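Reading the structure
The residues making up each chain are set out below.
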Amino acid sequence: MSLLELNRIGHSFFGRTVLEGITLSVARQEIVALVGPSGSGKSTLAHIAAGLVEPREGRILRRYHRHAMIFQDPRLMPWATAAGNIGFPLRLSRAPRRMRGQMITDAALRAGLLPEDMEKYPSELSGGMRQRAAIARALVTNPDFIYFDEPFTALDVALKRRMQDLVIEAAATASFAALFITHDLLEAIRISHRILVLDPNGRGVAGEQIPPGSPGSRDENAIFALRQHYLTADPLFAHIHDIDERLRP
Ligand SMILES: Nc1ncnc2c1ncn2[C@@H]1O[C@H](COP(=O)(O)OP(=O)(O)OP(=O)(O)O)[C@@H](O)[C@H]1O
């Protein structure tokens, strides 16, 4: 049974249609990557799916218990330490106070933060550590669904790889499902069970591909070869590096 179902979702901003007829689903423990060119409506769709934006049309079924979101910008509170930021959702969910410390430590460990980082403020953390804190903040409530909105776009290649491995490992151990928005095809192949390609104009899901193997088990050379194959021989991916289709004459 799917944890998330979007049925014929449509949306417009100030009378301009940005999404139309989007139908997709994400199964339990499945990581679905959603790719599409810049401006095709990926973020808007993630916001609608997560309930941050009310769609103009369509139906959404959320069967998960608890979701979290991870954005490109870690969005940490500058006045709170890493531990304070990671523990913030626990305060909102009124988790018992005596359990919070352990839950924060566990989530931080899973995100690869060291105990000495926990009392640092965001301005004292590197970009990668800030994103680790954002991941720990998402993991701390044990969500069964996570929305990732281009979380690693701003990171350098090596750090991006480490973060992707972290997500693959966390998804396997914590058993969450995810909708992972990205325009990086290598990332989509590395991290997901299934890749959905959004139409360049947001008019439906153009199609899907299921990379062989499972996240974490795929060989790097095979990932690169598959990306090359998708880009050169699969019409589904013909537009994914376009800038913004709707701005073109
Ligand atoms: N709050 C808003 N008000 C008006 N227009 C918006 C708003 N948010 C997004 N848009 C427009 O909707 C379209 C889809 O934007 P969206 O950010 O969802 O695309 P995207 O595929 O995530 O792009 P990118 O990969 O560049 O982040 C764009 O043309 C954008 O300008």
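Along each chain, numbering runs from 1 in the same order as the chain's sequence is written. Only residues with pLDDT of 70 or above have their local features reported here, since the model is predicted, and side-chain atom pairs are shown and tallied only from 80 upward, although totals for entire chains, interfaces and linings are computed over all residues.

Core membership is restricted to buried Ala, Val, Leu, Ile, Met, Phe, Trp, Tyr and Cys residues, and these are joined into a nonpolar core through C-beta atoms within 7 Å. Neighbour density around each residue's C-beta defines its exposure: 20 or more other C-beta atoms within 10 Å make it buried, 12 or fewer make it exposed, and counts between make it partly exposed, where C-beta atoms are placed from the backbone. Grouped together as the largest cluster of nonpolar side chains are 67 residues, with contacts concentrated most on Leu-34, Ala-136, Ala-178, Leu-179 and Phe-180. We count a stretch as a helix when DSSP gives it H or I for four or more residues in a row; a strand needs E for two or more, and each element gets its number in order from the N terminus. Counting residues per element, this core draws most heavily on helix H4 (residues 127–139), at 7 residues. Not counting chain neighbours up to four residues away, the residues in contact with Phe-180 comprise Ile-31, Val-32, Ala-33, Leu-34, Phe-148, Ile-191 and Ser-192. Whether two residues are in contact is decided by their C-beta atoms, placed from the backbone, lying within 7 Å.

This brings us to the site of the ligand. Close to the ligand lie 12 residues, the nearest being Phe-13, Ser-38, Lys-42, Ser-43 and Thr-44. The dominant element in the shell around the ligand, judged by the number of residues it contributes, is helix H1 (residues 42–50), at 3 residues. Looking at the shell around the ligand residue by residue, the class counts come to 2 nonpolar, 8 polar and 2 charged. Only the C-beta atom, placed from the backbone, is used; a residue is near a molecule or strand if that atom lies within 6 Å of it. Residues are grouped as follows: nonpolar covers Ala, Val, Leu, Ile, Met, Phe, Trp, Tyr, Cys and Pro; charged covers Asp, Glu, Lys and Arg; every other residue, Gly included, is treated as polar.

Okay, the packing of helix H2 (residues 82–92) against helix H3 (residues 97–110) next. Only the stretch in contact is used when a helix axis is fitted, and all axes are lines through C-alpha atoms; the angle between N-to-C directions ranges over 0 to 180 degrees. Following both chains from N to C, one finds H2 and H3 inclined at 115°, their axes separated by 10 Å at the closest point. Crossing angle aside, the handedness with which H2 passes H3 is right-handed. Residues Ala-83, Ile-86, Gly-87 and Leu-90 of H2 touch H3, and the partners they reach there are Arg-100, Met-103, Ile-104, Ala-107 and Ala-108. Split into classes, the residues belonging to the contact of H2 with H3 amount to 7 nonpolar, 1 polar and 1 charged. We call a crossing left-handed when the near helix sits turned anticlockwise from the far one by less than a right angle, and right-handed when that turn is clockwise.

Of note in the backbone geometry, Arg-8 takes a positive phi value of approximately 50° without being a glycine. Inspection of the secondary structure puts Arg-8 in strand S1 (residues 2–13). Phi is positive for Asn-142, which is not a glycine, with a value near 55°. Its location among the elements puts Asn-142 in the loop between H4 and strand S6 (145–149).

With respect to burial, strand S5 (residues 67–71) is a largely interior element, 4 of its 5 residues being buried. Strands are labelled as partners when DSSP assigns at least two bridges between them. In the sheet, S5 pairs with S6 via 5 bridges, with the strands oriented parallel. Residue pairing across strands places His-67 opposite Phe-145, the latter belonging to S6.

UniProt records the feature "domain: ABC transporter" (unreviewed entry) at residues 4–225, using the numbering of this structure. In residues 4–225, the share of helix is 35% and the share of strand is 26%. The end C-alpha atoms are 31 Å apart. UniProt positions are given in the numbering used here, feature names are shortened, and annotations may be inferred rather than shown by experiment.

Two strands in a sheet stick together by hydrogen bonds in their backbones, pointing the same way (parallel) or opposite ways (antiparallel). Read across the open sheet, the 3 strands follow the order S2-S1-S4; overall the sheet is antiparallel. One side of each edge strand has no neighbouring strand; the edge strands of this open sheet are strand S2 (16–27) and strand S4 (57–62). Taken over all neighbouring pairs, the strand axes of this sheet differ in orientation by 15° on average, direction set aside. Here S1 runs beside S2; their pairing, made up of 8 bridges, is antiparallel. Of the residues in S2, the one forming a bridge with Leu-6 is Leu-24.

Okay, the confidence of the model for the protein next. The pLDDT value tells you how sure the predictor is about a given residue, anywhere from 0 up to 100. Averaged over every residue, the pLDDT of the protein is 91; residues scoring 70 or more account for 97%. Confidence, expressed as mean pLDDT per element, reaches its minimum in the protein at helix H5 (residues 157–174) with 88 and its maximum at S4 with 97. Predicted complex, confidence summary: ipTM 0.94, pTM 0.91.

On to the sheet that holds strand S7 (residues 177–181). As summarised here, the arrangement of the 6 strands in space is S5-S6-S7-S3-S8-S9, forming an open sheet in which the pairing is mixed. If you trace the sheet from one side to the other, it starts and ends with S5 and strand S9 (205–209), each paired once. With strand direction ignored, the average angle separating the axes of adjacent strands in the sheet is 15°. In this sheet, strand S8 (residues 194–198) lies alongside strand S3 (residues 31–35) in parallel orientation, the contact comprising 4 bridges.

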